[in-house]
Amino acid sequence: TNSFKRRRLDSDAAIRGGGGRWPDFPTDVALAVDRYEISREKSHSPRELKARLACAVRRKLVSGEVGRCGAAGDRGGDVLPWKVVLEKGGGSVRLTYGTPKRVSTAEALRQRSLKDVDETDARRNRDVDRDRALRQYPMEARLSVLSEHPDAPWKLLSVHVRCAPKTGESDHQLGMNRKQMFDLHRIGERAMIVEEAIWKKRRERLAVEAMKGNAREDAKKEKEEEKKSEEGNDGGADNDEHTMTVDTGEHGNINPSSTPSVPRPLHRLFEVTHSFALSLQLEMLSSQAEALRRGAWGGAASAIRPTSGAGAEEATGDGIAVSPAFFFDGSGVDGIASGAIPTIAVMAVHFWSCDDRYGSPKVGDLSSGIETGEAKEGAALATPTSRSKLAQRTDDNYLPKSDRRGEKRLSLCIRAVPMVGLVVSLSGGSEVAASLSAKSDPSSLPKHSHHVQRNVDKLLSSIQDPFQLSMSDALLAATVLCAEKRCHAVVAALNNQKTNRLPTWIHLDVECGSISVAASISYFSNSPAESNPPCILFRLACDSRSGRFVPSFPRSTTLLRLLACSDGSASDIQSLRTAAMTSALRSGSVGRKGAGGRIDGATREFTGRIVRDAFDALSRAVDTLGRRCGVGGDWNDIDAQSASLRERSVVQACRDVRLSLMTCSGIAAVFGMAAIGLKVASGADPVADGAGGPIDDSNNPGTIQIPPLSVHLRQRIVEKVVNEGGDETKRISILEGELLAVTAKMSDENLELICYDVLTATESAQSVPMRLKFMPAIPPKASISTDVFNNENRLPKRHRTEHNGRTKSHHTLDEVEKAALWFESILNEP
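Residues numbered from 1 in each chain as written. Predicted model: local features only at pLDDT ≥ 70, side-chain atom pairs only at ≥ 80, totals over all residues. Heavy atoms only, no water.

What to know about the overall build of the protein
Our working definition: Elements are defined by DSSP. Helices are runs of H or I of four residues or more, strands are runs of E of two residues or more, and each kind is numbered from the N terminus. Each residue is placed in one exposure class: buried if its accessible area under a 1.4 Å probe, protein chains only, is under 20% of its type's maximum, exposed if it is over 50%, and partly exposed if it falls in between. Only heavy atoms enter the contact rule, under which two residues are in contact if any of them lie within 4.5 Å. Accessible areas in this description were obtained via Shrake-Rupley with a 1.4 Å probe; residue shielding takes into account the shown protein chains only.
Each helix and strand in the protein was counted, giving 18 helices and 24 strands. By the burial criterion, 43% of the 830 residues in the protein qualify as buried. Considering only residue pairs separated by 6 or more positions, the protein has 70% of its internal contacts joining residues 24 or more positions apart. Working note: accessible area of the protein is about 45,300 Å², and carbon and sulfur atoms make up 51% of it.

So, in structure tokens, the structure goes:
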């Protein structure tokens, strides 16, 4: 208690005496008198201070960078990238850049709901200020001046850089903290101060040189006058020569027009802020790509990647690979010389496998991303034409040599270029940009160009919009574009008449990332074959995740869809047979080798498995061709022989695709379109595996080796006596059936459907039918197409054509009508 009273008395005495001690006060602090207290501005009123400040700010804008750059921009020079707005009664300058977004906070919504009862002008001003407060820009800064001196520098009050992921994405804790904001403010302010200091020093140097030049000119003039007075000559010509000497003499290099007329601190602030904003956006996109790699877009990518051999194409796996954001320093990294390319950082996402044994597909810019007039020169350096001068690797994906994640893959590259923005590059992107830039000539635009344009816009907006950063949307759009390019490359390789020749009845077309397979189907009859428009049988869709081709079928072809999956419900015989074998294996009464069914003296597989294996073989063949074709366009060839070797490998893959494509087209014609037509004509559901195994008819060579599709016409039970050995006999019942079977035969000229009258015998419900005999079913000589298209009660239809003049493929159901009439003529034949 006594010590407390003593400290209390000491503190009171110190306060009364005006003294005191601060033990924790820094020792290096220099106390000084506030300069404002002794300045002239102290005597000004607040209103006069605001007016003087507004005048000083306007004078700085007009006589400084804003006024001069605007005039130079009108003559084709540089323009200021900032949008300049005066605030606080003209006492501060607000600089904004980019497209703003509106924010809806609780305070903002409350302000918007207030009912203003003041005058109309005041209400309008408050609405404008309120709307301005509800907008946030990607880059924003506020400045002012602290002196009325003409050379007073700008004072940076605040600077903000904003970016945000799209809804549903995560920013992965990459938001700016207070230290980063403070460092950005300090670096931006220092850049402005250095710019003004450099300009001030340059102006002083020019003034000193001008004084020295004037002194030398005076001395020279005096010597010339003395010489003239001595010689007594006329000096008119010498005066003219003297005038030329002043303009083009040794001081002629001091040309004020060759240097900026004013310092550009706002431009330097934009460089610093824009570079920081691009780095932050690139880091956020890189983090999102890593999250996708660990999530839905990941896969079992192999760490061992052989450079040659059969396993080279399958070694990369189905998942994506991410090259994280890599920042280049000023001295150059991995062979990229300093100043050769204005890229400060780069990242890439690698997807899909690609055969790059002879070179990788070229990576081209989808958009230069030029945002300011200052960036035209820098953007020219960032174009693919200048990359050949750099010491980069042959895959040309802007990454350093040490990054080998992009081998045997397609790449989506994102570069951060100061004063330009985020430049997006994609494998085969230059061809996409070139095809979309030809808008003046509609005939030169590729088919489904709106589909490509929509995905290009989606890709660019997902990366270049600071408030909608979404790597998942960008990657999905990039894969859709590459799917379109790969489909075009595969179709072009198959339709190449020099190296490959598809049958004339097969028509391939590209439809929004898928290949539609159409065929001109003819019908077996005694009349001459007629040329029919192609009918779409199925499609090969390119998977966005793996880049592989997956067959897809029309929704109306239910039987074909079930058979392609080897579904047991597609064949009742297969379902019963599978159930019987399963029961026998569980009971142990039948061995595994004796569980198979025999028909026509040989073990036969069911139709579902044959159809599934056929389409799986087609998918594998087209996948191999797609990897070797890449995305079409230009390649980074390793040597002079790369193009010929690549063409040879493509030709080899096309041969396998051709055989599989013919087989699958015949299967799709029989179990797809013909199945629907047969159901319409007969009124019964066609069945698979009901007419025995594949039909081998010597009179009709080229028949597809697959069990035919059939429909039951008549059935009866026949009793037979079977000798079981010795004198013992057994009477059994056999189900004999008369069926109408349909199959197809193929050649290079046509695909033709053939019907057979088939007689089968079945011992039990779970046994495989045995074909006893068959014979072709020939329809009448009347033309089926004449009955269809020349009906008096029906208007004739004109076949739709494409822009190149050929007949356009029609839907499956359009061909069903003709097939149904053909089947009906066969069924009605006596």
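More follows now that the structure is in view.
Remarks on helix α12 (residues 471-494)
Our working definition: Every helix has an expected span of 1.5 Å times one less than the residues it contains.
Helix length check: α12, at 24 residues, gives a terminal C-alpha distance of 34 Å against a target of 34 Å (1.5 Å per residue), a fit within 8%. Along α12, 20 of the 24 residues are buried, which leaves the element largely enclosed by surrounding structure.

Quick look at the packing of aromatic side chains
For the record, the criterion: Pairing of aromatic rings covers Phe, Tyr and Trp, the last counted by its six-membered ring, and requires centre-to-centre distances within 6.5 Å; plane angles under 30 degrees mean stacked, over 60 mean edge-to-face, and any other angle means tilted.
Under the counting rule described, the total for this entry stands at 10 aromatic pairs. An angle of 50° between the planes, with centres 6.3 Å apart, marks the rings of Phe538 and Phe553 as tilted. Residue Phe538 is located in strand β16 (residues 535-542), and its partner Phe553 is located in the loop between β17 (549-552) and α13 (558-564); the two are separated by 15 residues in the primary sequence. Comparing Phe538 with Phe553 shows no difference in burial state: the two are buried. Look at Phe553 and you get buried, because its relative accessible area is 17%.

Some points on the sheet that holds strand β5 (residues 139-145)
For clarity, the threshold we go by: Think of it this way: DSSP has to see at least two bridges between two strands before they count as a pair. Helix axes are fitted only over the stretch in contact, all axes being lines through C-alpha atoms; the angle between N-to-C directions runs from 0 to 180 degrees.
Overall, antiparallel pairing links the four strands, which are arranged β1-β2-β5-β6 in an open sheet. If you trace the sheet from one side to the other, it starts and ends with β1 (83-87) and β6 (154-161), each paired once. Put simply, the sheet's adjacent strands are angled 20° from each other on average, direction ignored. With respect to the sheet, helix α2 (residues 46-63) is in contact with β1, β2 (92-97), β5 and β6, its orientation differing from that of β5 by roughly 115°.

A few points about the pattern of salt bridges
Two side chains that carry opposite charge are able to pair once their charged atoms sit near each other. To keep it simple, the criterion reads: Salt bridges are identified by distance alone: a Lys or Arg side-chain nitrogen within 4 Å of an Asp or Glu carboxyl oxygen.
What the rule picks out here adds up to 32 salt bridges. Note that Arg293 is salt-bridged to Glu290, the shortest N-O span being 3.1 Å. You can see Arg293 and its partner Glu290 sitting in helix α8 (residues 265-294), three residues apart, about one turn around the helix. Given the relative accessible area of 34%, Arg293 is considered partly exposed. Here the residues in one salt-bridge network are Glu87, Arg94, Glu140, Arg142 and Arg162, joined through shared partners.

Section: the state of the cysteines
Here is the rule we go by: Counting rule for disulfides: a pair of cysteine sulfur atoms within 2.5 Å.
One pass over the full model with this rule turns up zero disulfides. Not part of a disulfide, Cys629 finds its nearest cysteine sulfur in Cys654, a span of 6.1 Å. Given the relative accessible area of 9%, Cys629 is considered buried.

Thoughts on the nonpolar core
Rules: Among the buried residues, those of types Ala, Val, Leu, Ile, Met, Phe, Trp, Tyr and Cys that are joined through side-chain atoms within 4.5 Å form a nonpolar core.
One finds Phe351, Leu459, Phe538, Leu625, Phe671 and Leu753 to be the most contacted residues of the largest nonpolar core, which totals 146 residues. Judged by nonpolar contacts, the second largest core, of seven residues, contains Ala348, Val363, Tyr398 and Cys413.

As for the packing of α8 against α12
This is how the line gets drawn: Comment on the angle field: the value is read as roughly parallel under 35 degrees, roughly antiparallel over 145, roughly perpendicular from 65 to 115, and oblique elsewhere. The residue classification treats Ala, Val, Leu, Ile, Met, Phe, Trp, Tyr, Cys and Pro as nonpolar and Asp, Glu, Lys and Arg as charged. All others, Gly included, are polar.
Interhelical geometry of α8 versus α12 gives an angle of 70° and a closest axis separation of 9 Å. As judged from the angle between their axes, α8 and α12 are roughly perpendicular. On α12, the residues touching Leu285, Gln288, Ala289 and Leu292 of α8 are Met471, Ser472 and Leu475. Looking at the contact of α8 with α12 residue by residue, the class counts come to five nonpolar, two polar and no charged.

Comments concerning the sheet that holds strand β13 (residues 506-510)
If you walk across this open sheet you meet the four strands as β13-β14-β16-β17, and the pairing is antiparallel. Each edge of the sheet is formed by a strand with only one pairing partner; in this case those strands are β13 and β17. Between one strand and the next, the sheet's axes are offset by a mean angle of 25°, whatever the strand orientation. Sheet strands in contact with α12 are β13, β14 (514-519), β16 and β17, and its direction is about 155° off that of β13. Running over the sheet, helix α15 (residues 607-629) touches β16 and β17 and is turned about 140° from β17.

Considerations on unusual backbone geometry
Even without a glycine there, the phi angle at Lys408 is positive, about 60°. Here Lys408 is to be found in the loop between α9 (376-381) and β11 (409-417). Since its relative accessible area comes to 9%, Lys408 is described here as buried. For Asp689, which is not glycine, the phi torsion reads 65° and is therefore positive. Of note, Asp689 is situated in the loop between α16 (642-682) and β21 (709-725).

Describing the side chain of Arg415
Test applied: Nitrogen and oxygen atoms within 3.5 Å of one another constitute a polar contact, given that in protein one can donate a hydrogen and the other can accept it, and given that sequence-neighbouring residues count only through two side-chain atoms.
Tracing the backbone shows Arg415 in strand β11. Looking at Arg415, the relative accessible area reads 1%, which means it is buried. Within polar-contact distance, the side chain of Arg415 engages the side chain of Asp365 at 3.1 Å. Polar contacts involving the side chain of Arg415 include one to the side chain of Tyr398, which spans 3.4 Å.

Some details on the environment of Val631
Checked against the element boundaries, Val631 lands in the loop between α15 and β20 (635-637). Each C-alpha atom, one on Val631 and one on Arg486, is 4.4 Å from the other, the two residues being 145 residues apart in sequence. In this view, Val631 contacts Pro361, Leu410, Ser427, Gly428, Cys482, Lys485, Arg486 and Ala489; residues no more than four positions away in its chain are not counted.

Here's the deal with the pairing of β11
Burial of β11 is extensive: nine of the nine residues sit out of reach of the surface. In terms of strand pairing, strand β8 (residues 345-353) meets β11 through eight bridges, oriented antiparallel. Residue pairing in the sheet places Phe351 in a bridge with Leu410 of β11. In this structure, β11 lies alongside strand β12 (residues 421-427), joined through six bridges in antiparallel fashion. Residue pairing across strands places Arg415 opposite Val423, the latter belonging to β12. Hairpin geometry of β11 and β12 is characterised by an intervening segment of three residues between the two adjacent antiparallel strands and by a positive phi of about 65° at Met419.

Section: the packing of helix α11 (residues 449-464) against α12
Heads up, the rule is: Crossings are sorted by hand: turned counterclockwise from the far helix by less than a right angle, the near helix makes the crossing left-handed, and turned clockwise it makes it right-handed.
Between α11 and α12, whose axes approach to 8 Å, the crossing angle comes to 150°. In terms of orientation, α11 and α12 fall into the roughly antiparallel class. When the axes of α11 and α12 are compared, the crossing they make is left-handed. Contacts between α11 and α12 pair His451, Val452, Asn455, Val456, Lys458, Leu459, Ser462 and Ile463 from the former with Asp473, Ala474, Leu476, Ala477, Ala478, Val480, Leu481 and Glu484 from the latter. The residue inventory of the contact of α11 with α12, partitioned by class, reads 10 nonpolar, three polar and three charged.

Here's the deal with the pairing of β21
Relative to strand β22 (residues 728-746), β21 runs antiparallel, the two sharing 15 bridges. Bridging across to β22, Val718 finds its partner in Ile734. What sits between the antiparallel neighbours β21 and β22 is a turn of two residues, in which Gly726 has the positive phi angle 70°.

Some remarks on the confidence of the model for the protein
Regions with low pLDDT carry predicted coordinates that are not meant to be interpreted in detail. Threshold: Per-residue confidence from the predictor is given as pLDDT, running between 0 and 100.
Across the protein, pLDDT averages 76, with 72% of residues at or above 70. Across the protein, the secondary-structure element scoring lowest on mean pLDDT is α9, at 34, and the one scoring highest is β17, at 94. Across residues 233-259, confidence stays below pLDDT 50; counting only partners more than four residues off in sequence or on other chains, it has 16 contacts. Here residues 301-315 scores under 50 on pLDDT; set against residues more than four positions off or in separate chains, the count is 27 contacts.

As for the environment of Leu751
Among the secondary structure elements, Leu751 is positioned in strand β23 (residues 751-762). Overall, Leu751 belongs to the buried group, its relative accessible area being 0%. Excluding residues that lie within four positions of it along the chain, Leu751 makes contacts with Trp505, Ala519, Ser520, Ile521, Ser522, Ser665, Gly666, Ala669, Ala744, Lys745 and Met746.

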